[in-house]
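An overview of the molecular structure
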Amino acid sequence: MASLETEAEQEPLLGCRTSGSREWNVIETEEHYKSRWRSIRILYLTMFLSSVAFSIVIMSIWPYLQKIDPTADASFLGWVIASFSIGQMVASPMFGLWSNYRPRKEPLFVSIFISVAANCLYAYVHVPASHNKYYMLVARGLVGFGAGNVAVVRSYIAGATSLQERTSAMANTSACQALGFILGPANTDEVQIPQGNIDQVAVVATNILFFVVLFIFALFETIVTPLTMDMYAWTREQAVLYGGIILAALGIEAVLIFMGVKLLSKKIGERAVLLGGLTIVWVGFFILLPWGNQFPKIQWEDLHNNSIPSATFGEIIINFWKSSREDHYEEPTGCPIEQAWCLYTPVIHLAQFLTSTLLVGIGYPACNVMSYTLYSKILGPKPQGVYMGWLTASGSGARILGPVFISQVYTYWGPRWAFSLVCGIVILTITLLGAVYKRLIAFSVRHGRIRESAS
């Protein structure tokens, strides 16, 4: 059985080859080998640049939204962030289907053009005299539509690598995405496809697992800025600066994790790494639950304290002069009194937040790369464009619901309810993984076992 799995790992996605060689059903020339890896590396660059653009924007969305349209609240922020994923969810199956029947460079070019145009629109959403928040909503939706090319990228990488190469290639793809967060197709020969049915239970289960993984990270990156502004009385500028530093640190951490899971998965397998990653994520959110009897600063305290005439006459004159100048205006900080939970929910200490961030930064990249690596292996040698489109759409759906979920629950019920519900979701996901654990195996291994048992 072990030799069967080893041989399956050495088989390319399409056709068969002799172990230790580059032979498929037809001999792969050195030129073709270099060509497909050149294409894969170009796609690495595409993923890197997409992540650079995303990371530049994500931490500043909330302050930018407040600046261009004061009528926007935290609930609308959730929809702005979710609009990116709505666009991506719509585009991913379309681009995936397109790539199955046409050269993959066509949907890639179109998606990149849409992304450039949408980012230009986003840069100028402050220009209209009114309804600026809705222009931002549309701009982010179009940016997400352009980001639907992730399905094409993953489909190509899955089709251009063997099972043995694929975990490393998928991890490198994720590492390039992570590097982007730090810094803010070849022709194929027609071959005979082995017959056999895909395990649809494993396919659906992996889509759900991927959905939850993206859901968790989407809500986490959404809540970082509002949470830190409420809990630590950070200004908008501080929240953007420190949030950017945290995001960059997560990117560095993710690169290390992506490199590490390539080695770890060879020793214990992708399924075990996925299970471990989900467990670490659960611990991270459990630590984030508020405890103790210290409460966050309330915004109206500034106004109340400033009304007490404890300063000298000279200080009063100086403060009055400063307050009359717009460039010296100090925005109110702390937990808004409009959020009733601020009065009775304990503060989340900075050490809690940083520890949770560290753990989520370990668990998320491990779960991310293992889930779609397993998915690719489960699908086997058939064209994966549409299936990868659905996987990306599943992730996009998560990125829609995650920000909306966390912004609504956090605004009205507070962090204790929000993060308790997240812990519950992760426990249910771990239960699902345990239920389908034995089915999450490569297509060739599964059918090899079927043939072996039949004989």
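Residues numbered from 1 in each chain as written. Predicted model: local features only at pLDDT ≥ 70, side-chain atom pairs only at ≥ 80, totals over all residues. Heavy atoms only, no water.

1. Re the nonpolar core
Membership of the largest hydrophobic core comes to 89 residues, with the highest contact counts inside it found for Ile157, Ile216, Leu227, Phe285, Val369, Phe419 and Leu440. Sorting elements by how many residues they give to this core places helix 9 (residues 200-232) first, with 18 residues. Setting aside anything within four residues of it in sequence, one finds Leu227 in contact with Ile348, Phe353, Tyr410 and Phe419. Ile61, Ile68, Val125 and Ala139 belong to the second-largest nonpolar core, a separate cluster that totals 14 residues. (Core = buried A, V, L, I, M, F, W, Y, C linked by side-chain atoms within 4.5 Å. Buried < 20%, exposed > 50% of the residue type's maximum accessible area, 1.4 Å probe, protein only. Helix = DSSP H or I, 4+ residues; strand = E, 2+ residues; numbered from the N terminus. Contact = heavy atoms within 4.5 Å.)

2. Some thoughts on the packing of helix 9 against helix 16 (residues 415-436)
Contact pair helix 9 / helix 16: the axes reach a minimum separation of 11 Å and the direction vectors enclose 160°. Overall, the two elements helix 9 and helix 16 adopt an arrangement that is roughly antiparallel. The chirality of how helix 9 crosses helix 16 is left-handed. Of the residues in helix 16, those in contact with Val201, Ala205, Ile208, Leu209, Val212, Phe215, Ile216, Leu219, Ile223, Leu227 and Met231 of helix 9 are Pro415, Phe419, Val422, Ile425, Val426, Thr429, Leu432, Leu433 and Val436. Residue classes in the contact of helix 9 with helix 16 are distributed as 19 nonpolar, one polar and no charged. (Axes fitted to C-alpha atoms, helices over the stretch in contact; angles between N-to-C directions. Parallel < 35°, antiparallel > 145°, perpendicular 65-115°, else oblique. Left-handed = near helix turned anticlockwise from the far one by under 90°. Nonpolar A, V, L, I, M, F, W, Y, C, P; charged D, E, K, R; others polar.)

3. With respect to a nonpolar patch on the surface
Judged by side-chain polarity, Phe295, Ile337, Leu343 and Tyr344 come together as a nonpolar surface patch covering roughly 400 Å² of accessible area. Among the structural elements, Leu343 can be located in the loop between helix 13 (313-323) and helix 14 (350-379). (Patch = residues over 30% accessible without salt bridge, like charges linked within 9 Å, V, L, I, M, F, W, Y side chains within 5 Å. Areas by Shrake-Rupley, 256 points an atom, 1.4 Å probe, with all protein chains shown as cover. Salt bridge = Lys/Arg side-chain N within 4 Å of Asp/Glu carboxyl O.)

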